[in-house]
Structures are given as structure tokens and as C-alpha cells.
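# Residue-level structure breakdown
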Amino acid sequence: MTGTLWLAWRQQRLLILTAALLVTALTVWVALGRADLIEAISGYDLSQCKGWNGECPPETYGAMTESNGGIRLLGAIGLALPAAIGMFWGAPLIGRELESGTIKVVLTQDSGVRSWFAARFGLAALCAVTVSTAVAALIAWWWAPISNMYDGVYWHDPYILNASGPSAVAGALFALAAGTAIGLLVRRTLPAMGATLAVVLAVAAVLTYFRRDFVTPVDRITPGMQPKRLIGSAWSAGYRYLTPDGAQHPLENCLFSGEQLRACMDGHGFVGRVHKVYPSSDFWTFQGIDTTVYLLLALALVALTTVRLRGRRLG
Amino acid sequence: MIEFQVDRHSGVATYLQLVNQVKQALRLGVLEPGDRLPTARAVVEATAINPNTVLKAYRELEREGLVEPRPGQGTFVTRSLSRPEAAADSPLRADLVDWVTRAHAAGLGREDVLALVEAALAEAAARPRGAARPTRAGTERPSREDTT
Amino acid sequence: MNDPTAEPALRATAIGQRFRGNRALHDCDFELPAGRIAALVGPNGAGKSTLFHLMTGLLRPTTGEMRVFGAVPGTRAARTRTAFISQDKPLYPQFTVAEMLAVGRRLSPRHWDQAKAERIVGEGGISPKTRIGTLSGGKRTRVALALALGKQADLLLLDEPLADLDPLVRHEVTGLLMAEVADRGITVVISSHVLPELENVCDHVLLLQGGRIRLAGDTQDLREAYTRLTGRADPDTPDGLPPGADRAAVVHATTTGRHLSALLRNAPGTSLPSGVDEHWITRAPSLEEILLAHLRSAPRNAAHATEAAA
């Protein structure tokens, strides 16, 4: 194992160095950006701007809003990170060895395929976890002072929901496992990188699109024509109309406002409105779903890779 | 020490080439009793042939009583093939040199000389065994007298 | 010379290999006693590389079984006793020569001989600090060889190690290999599509054609098992062969005008084919003649099978 670990280190040290530089640079940037933010918002009462209350004083809003661009950019980097790890770390991990034939040198040494794969995937996974944890933590750290503030970055924005928290780390692991498995199957680095990008983006898109189906939103019911409750920092999942029997009906039945709406509601026998929302505590529910799905996929891909490697089609 | 040359295109089995080269060296005095033959490893590294071929050649030389293996030390020459009659200062050799000089003077080239020697060897071999020696001695003597 | 009860270095039993439905190898049966230098010869695409990959365990046979000193290729027991240089001699181009040797030292620590590996590299005039990517083909081969020989394996598998080498380097590399054999009595399988470069080297031959083993055995035994026949073609037989000659023993025969040239299998226990008398010019064929005769007498479907193996 020590031998294969040395080889893994020797082959990945350039990537590790690059990743370390990237994390260091981001840390410096975030530290500076966050210090600026703290200074800018000191002396303001931010509680007025929590959520989407619409009563945020312009000066307070102005003090916070400066940092939003940086947080979004950092979030975008966090969003791209799994794909980058999958493409540049995962796809060549076995793919390049197959392409160049060097796998034939390595796997005919005393140490076997298990130790070789465990060492190189283990090291890559450790680095992927470290880097993605660092970036996710940086995002959360910068965002925390102005989290879910008026017109700012909300917990359900992909910059936060997808790029921070445990699911971001699980996503990086999944992308690494996907790149590794695809490299093994495709046996060529460049096509494997392309395929990895496609797969990682597709899974992220599917998760983003479908994960809400697994979580039931909270119903906020306002009887009759009463003004709706402000959304706060919850995530809107749409409106419904309510009939006395408790049944909910699509918004499309009455797409009006004012008197027209009243007439329409009366016509349909609607007695109230339902605002379906995900409260901010659902952040952890969504994170849980993403993390579970990513980890299960990663596990399945590592299992597939191991089986394929032991099936020996390496010549 | 002897350095072997292997000719892949000669048609002669490789081990025989080695045997012949050792014998040639023994005849010419390049190798003398007590000399050590190169190790199989050294030979194969230089000639790029199968080590068993070298061992086979050495076994053949051993069988002919020319060399003997000494465990842990190598293979040593035990007997010389160089004969006084073939030495540089022998009368027989001097005769032959004279004869070749005359042949050249008469306009015979290298090929002609070799062909003549081959023919003479064949002729001598064809004569009755008992008669061969005195006859050859008989023909030699006058020729030597001729030249002196 | 070898203990007949010892495990053979290689034993293939009914090996078959398919790639996506194409048959690359079929019904390959052979045994290679330990201590031999075997030439694996055959045209390009005959399945030589596939066979090597089966011997190293990089590939598992679709059918049949391969054994290396009795062990399944790819298992630890087999791996530690086998060294392999594949045809493309893959090395890490960004590694230095010293680092490349370190791969062997660290991944095959069991019997690794660092001094030997360094000597082989040094004798080629290669500095340990040189990057692999900057080396010429001959020097790369030398590094690959140092990596394989440093491992001190009992079975050395070399897939076309001499291709793309100039004659001088070829001679040098072969000498290096033979010295290793002389030192350690190891078993070597060395493939080539050019037999003459191995004729002085091998004492065992495996002829592979169209995914099948056409001929396998000791080179001396093979030479003694066949006779080369030349002479005036017999006007009374359609094929020009002597009327009494056993036609089943003919490997390959050609007539050019009145001249007949043929290779025949000797009758069991004799040094002549049955039905051939002393009126014919007979001689023991060279190994190359035997192999060429077998290749030329390829069955009609061999071309198809060769394509499938490519």
C-alpha cells in the first residue's frame, strides 16, 4: 500500500498543489470580502431586512448588497467545483492509465489492482472532500452575516443550497467517482472528461428539478380575500385556491386581482387562498436528499469501478 | 581470452560455431592449457544467443577432452591443439609458405590456391591409408630439396 | 535439465478469448516448461498480445484457463513471479528515469534489485535525472527492461521488445536478456513477427496464427520432426511428390517447373517421412522453414480469423 500511495501522490501532486493554491486564494479573497462586509454592516440593524419583508431601509440594504456579487461568484465556483473535480481529477484517474497503457506496467507489479485503486482513489477522494468542504465552508462563512436578507442570497438559491453544506461535498465525491468510472469505461481521457461533465451536470439538474417532489411544502392558508402573509425567508412553491371541503385548486382558475378576482373566486366557490412554501428549515431536508442521492450514486459508481477493474479488461 | 563471433547466416549450428572457434584458437595457440573460457553469461551478453547454446558447446568441448569445468571457477582449457608441426617456425609451415609464394608467382590467385589445397587433400584421402604417409613424406622431401 | 514434475512456467488449457463477439483466440493449448526461452511468433494480429494479456492476468479468458507456475494470472502468487513489457513499452513521460525505477522498487519490493536496474540504465548511457518523455525509443526500451529485470521475476513476458530498435540496440538488448537468463535461469516468452531475430535465442517456439496455436514445442525436436525435400518433381504424380509419400505428412509443397520443394513430417520414430527414399535430397529444415511452411499452409478461414483477432 505504501508503494501505491507513493505512486498516487507522485501522479496527483500537481493537482493537489493546484487545489491547495486555489483554496488558499479563495480563502484570502473571502477573508477580505467578509471583513469588508462586516465593516459595512456594522451599526445597522439587519433584523428589519430578514427574509423578504419589504421594509428594509435603503441604507441598510445598501450596506449589505455590496457583498452579494462576491458571494454569488463564490457560489458559482462552488457549483462548478464537482464538475471540475470529475473532469480533471476523476476522468484521468484510470482513463489516462488505460489510454497510455501504463496501467499494464502498474498492474503487473507485486502490489495488485486493489491496493493501486484504493490508494489513488482514496487520495483523490480525500482531496475532493477537503477542497469541497473548504469551498462550501467559505461560502457559508461569507454568506452567514447576511443570510436570507432582503433581495440578497437566499438559502434556496443554488449558490447556497447546491454549493454549500454536506451535499456539496457529497456532490464532489459523486463527480469524482463518476469521472473515474467513465474513464475506466471510455478508456480515453478527453472523451471521458466530456462525458463526465455531461453526467455531472445532468444529475445536478435532475436533482434540482425533482428533489422538491419528495418534500411536502407547508400550506399557509389565508381565508377569503385577506392579504397573503409575507413570505419571509421561506421558498415559495406556488399558490392554490381552497374550497370549503378542504380541496385545493390550481391558480390558473382565477388569474386576476381585485374585484375580478373576488368575482372569480365566488364563481368557483373558493373560500380562501393557499400559499405553499418550504420554510428555511427545509434547507436541511433538501441537503439530506441531495447528500443521500450523491453518496449512493458515488458508492454505486465505486462498486462498478471495482467490479470492472477486477473483471480485467485492462490489456 | 577468446571472443566469439556468431554468424546467423552461415548455416552452421551456433553451438558448432563456438566449438570450432575454440578449436581454432587452440590450434593457433590463442588459447593454451590453463586458460579459462569466458562464462556463459559473458558470451551471451556479447553474442545475444541462448545460454544453453554456450553450455552445449562447452559440453561438446568437454566431451572431446579439450576443456574441463571446475565448479565455482569456470571452464578451463586442458589440452592444446597446437602442434609443433603447425607452429610459425616449423619446416612444414615454411614449405607451405614457399609453395604458396611459388603459386602466386605462377599467377594463381587465392581461390585457385584454396581449390588446389582442397583437391590435394581429397587426393591424399583417396589413397590407401597405409600408403598415404610415406607417399606424402616422399613428395614433400623432393619439393623441399627443390627450394633449398 | 529441468525437473519434469515441476510446475510448468505456463500452461494454457483450451483458452478462448472473445472481444465483442469476435474470436481473438480459440482452443489454445500449450505448455511451456520452466527455464525455456520461448519465441511466440505469428503474423501481426494473430493474437500474440492478447495471449500476453492473458498470461499477465490483465485479461481473463472467455473460456479455458491459464496458469503461471500453477497459479491464476493476476493473483498475487502469479504476479510476484511475472514481469511484463507490453508492445508499446508504456512509461510515465513526466517521470524521471529514477522515478520510473522507483515505481518498480516501491510496487514490487519483494525481490527488487535496485543495483541491477540502475546498472542496466547506466550502461545505456541514461542519466537517472532524465525525463522519460525526452528519451529515444531505444533508451525507453532499456528503461522498460530495467524495470522488468529489476523485479527479478521468474517469468519474463516480452511483447515485441525488439521492434522499432536499430540493429545495434537490438543486439545489445538481446544480450542483456540472455545474460539475465544465464544468471538466473528464468523462463522467457518473447514475441516477434520476425522469426530470424529470435532464431539464435529461443529453444522453444509457439506459432500463433489466426488465434490458434499452429505449432508448439522444443526447437530441436521440431527440426528433427520434419524433413525438407527438394528434387525433380515426380512426373507421375499430380503434386510431384514421390508416389509412396504419405500425403497427410505434407505440410507444404511447391513445384516450380520440374523442381519440387516440400516440407514433410517425419514418420514416427524415424528421421524421414514415410515413402521417401534416398533418391531425394533431404535435410533437416531450419526453424524458419518449418514456421514459414506452416504459415503458408494456413487453412482458408485463417485470413478471416486473423482479421477478427486484429
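Residues numbered from 1 in each chain as written. Chains lettered and ligands numbered in written order. Predicted model: local features only at pLDDT ≥ 70, side-chain atom pairs only at ≥ 80, totals over all residues. Heavy atoms only, no water.

The name given to chain B in an unreviewed UniProt entry is GntR family transcriptional regulator, with the source organism recorded as Streptomyces flavotricini.

An unreviewed UniProt entry annotates chain A as ABC transporter permease subunit of Streptomyces flavotricini.

## Considerations on the overall build of chain B
From N to C terminus, chain B includes six helices and two strands. The secondary structure elements of chain B, listed N-terminal to C-terminal, are α-α-α-β-β-α-α-α. Buried positions account for 25% of the 148 residues belonging to chain B. At a minimum sequence separation of 6, the contacts of chain B that also span at least 24 residues come to 50%. Here chain B displays about 9,800 Å² of accessible surface, and carbon together with sulfur accounts for 53% of that area. (Helix = DSSP H or I, 4+ residues; strand = E, 2+ residues; numbered from the N terminus. Buried < 20%, exposed > 50% of the residue type's maximum accessible area, 1.4 Å probe, protein only. Contact = heavy atoms within 4.5 Å. Areas by Shrake-Rupley, 256 points an atom, 1.4 Å probe, with all protein chains shown as cover.)

## What about the environment of Cys264(A)?
Residue and element names in this part refer to chain A. Mapped onto the fold, Cys 264 is located in helix α9 (residues 258–268). Considered as a pair, Cys 264 and Val 199 are 65 residues apart in the sequence and their alpha carbons are 46 Å apart. Once residues lying within four places of it in the same chain are set aside, the contact partners of Cys 264 are Asn 253, Cys 254 and Phe 256.

## Things to note about the UniProt feature "transmembrane region" (unreviewed entry) in chain A
All names here are of chain A. According to UniProt, the feature "transmembrane region" (unreviewed entry) maps to residues 73–94, 121–144, 164–185, 192–210 and 291–309 in the numbering used here. Split by type, residues 192–210 is 100% helix and 0% strand. Its first and last C-alpha atoms lie 26 Å apart. Here residues 291–309 runs as 100% helix and 0% strand, with 26 Å between its end C-alpha atoms. (UniProt positions renumbered as here; feature names shortened; annotations may be inferred.)

## With respect to the sheet that holds strand β2 (residues 22–32) of chain C
All names here are of chain C. The strand order β2-β1-β4 describes an open sheet built from three strands, whose pairing is antiparallel. With one partner strand each, in any of the chains shown, β2 and β4 (63–68) form the two edges of the open sheet. For this sheet the average axis-to-axis angle between neighbouring strands, irrespective of direction, equals 25 degrees. With five bridges joining them, strand β1 (residues 10–19) and β4 adopt antiparallel strand pairing. In the strand pairing of β4, Thr 13 is matched with Glu 65. Each of β1, β2 and β4 touches helix α1 (residues 48–56); the most contacted strand, β2, lies at about 60 degrees to it. (Pairing = 2+ DSSP bridges. Axes fitted to C-alpha atoms, helices over the stretch in contact; angles between N-to-C directions.)

## Let's talk about the state of the cysteines
One pass over the structure, following the stated rule, counts two disulfides over all chains. One disulfide in the model links Cys49(A) with Cys56(A); its S-S distance is 1.9 Å. Judged by the sign of its S-S torsion, about 80 degrees, the bond between Cys49(A) and Cys56(A) is right-handed. With its disulfide-bonded cysteines labelled consecutively along the sequence, chain A is connected as 1-2, 3-4. Free of any disulfide, Cys28(C) has its nearest cysteine sulfur in Cys202(C), 18 Å distant. Judged by relative accessible area, which is 0%, Cys28(C) ranks as buried. (Disulfide = S-S within 2.5 Å.)

## Focus on a nonpolar patch on the surface
Residues and elements named next belong to chain A. On the surface, Val 206, Tyr 209, Phe 210 and Phe 214 cluster together to form a nonpolar patch covering roughly 490 Å² of accessible area. Note on placement: Phe 214 falls in the loop between α8 (189–210) and β1 (218–223). For Phe 214, a relative accessible area of 64% translates into the label exposed. (Patch = residues over 30% accessible without salt bridge, like charges linked within 9 Å, V, L, I, M, F, W, Y side chains within 5 Å. Salt bridge = Lys/Arg side-chain N within 4 Å of Asp/Glu carboxyl O.)

## Re the packing of helix α1 (residues 2–41) of chain A against helix α5 (residues 113–143) of chain A
All names here are of chain A. At a closest axis distance of 10 Å, the pairing of α1 and α5 adopts a crossing angle of 0 degrees. Of the possible angle classes, the one that applies to α1 and α5 is roughly parallel. Within the contact of α1 with α5, the residues separate by chemical class into 23 nonpolar, six polar and two charged. (Parallel < 35°, antiparallel > 145°, perpendicular 65-115°, else oblique. Nonpolar A, V, L, I, M, F, W, Y, C, P; charged D, E, K, R; others polar.)

## Points about the interface of chain C and chain B
Each partner contributes residues to the interface: chain C has 19 residues there, and chain B has 14 residues. Around 1,300 Å² of area is buried between chain C and chain B when both sides are counted, 49% of it from carbon and sulfur atoms. Area buried by chain C at its contact with chain B is led by His171(C), Met178(C) and Asn200(C), which between them contribute 37% of it. Put simply, chain C and chain B have one salt bridge between them. Linking chain C to chain B there are seven residue pairs in polar contact (both at pLDDT 80 or more). At the level of secondary structure, the elements contributing two or more residues to the side of chain C that touches chain B comprise α4 (114–123), α6 (167–184) and α7 (196–199) of chain C. Here the element with the most residues in the side of chain C that touches chain B is α6(C); it accounts for nine residues. Residue composition of the side of chain C that touches chain B, by class: 10 nonpolar, four polar and five charged. (Buried area = accessible area lost by both parts, 1.4 Å probe. Polar contact = N/O pair within 3.5 Å; in protein donor to acceptor, adjacent residues only side chain to side chain.)

## Describing the pairing of strand β5 (residues 82–85) of chain C
Residue and element names in this part refer to chain C. Going residue by residue along β5, you find Thr 82 and Phe 84 tucked away on one face and Ala 83 and Ile 85 tucked away on the opposite face as well. Two strands pair when backbone bridges link them, and β5 and strand β6 (residues 155–158) are joined in this way by four bridges, in the parallel orientation. For Ala 83, the partnering residue across the bridge sits in β6 and is Leu 156.

## Brief notes about the nonpolar core
With 182 residues, the main nonpolar core has Trp116(A) and Met100(C) as its most contacted residues. Here this core gets 16 residues from one element, more than from any other, and that element is α5(A). With sequence-adjacent residues up to four places away left out, Trp116(A) is seen in contact with Thr4(A), Leu7(A), Ile94(A), Glu97(A), Ile103(A), Val106(A), Leu107(A) and Leu309(A). If you look at the next biggest cluster of nonpolar residues, it comprises nine residues, including Leu229(C), Leu241(C), Val276(C) and Trp280(C). (Core = buried A, V, L, I, M, F, W, Y, C linked by side-chain atoms within 4.5 Å.)

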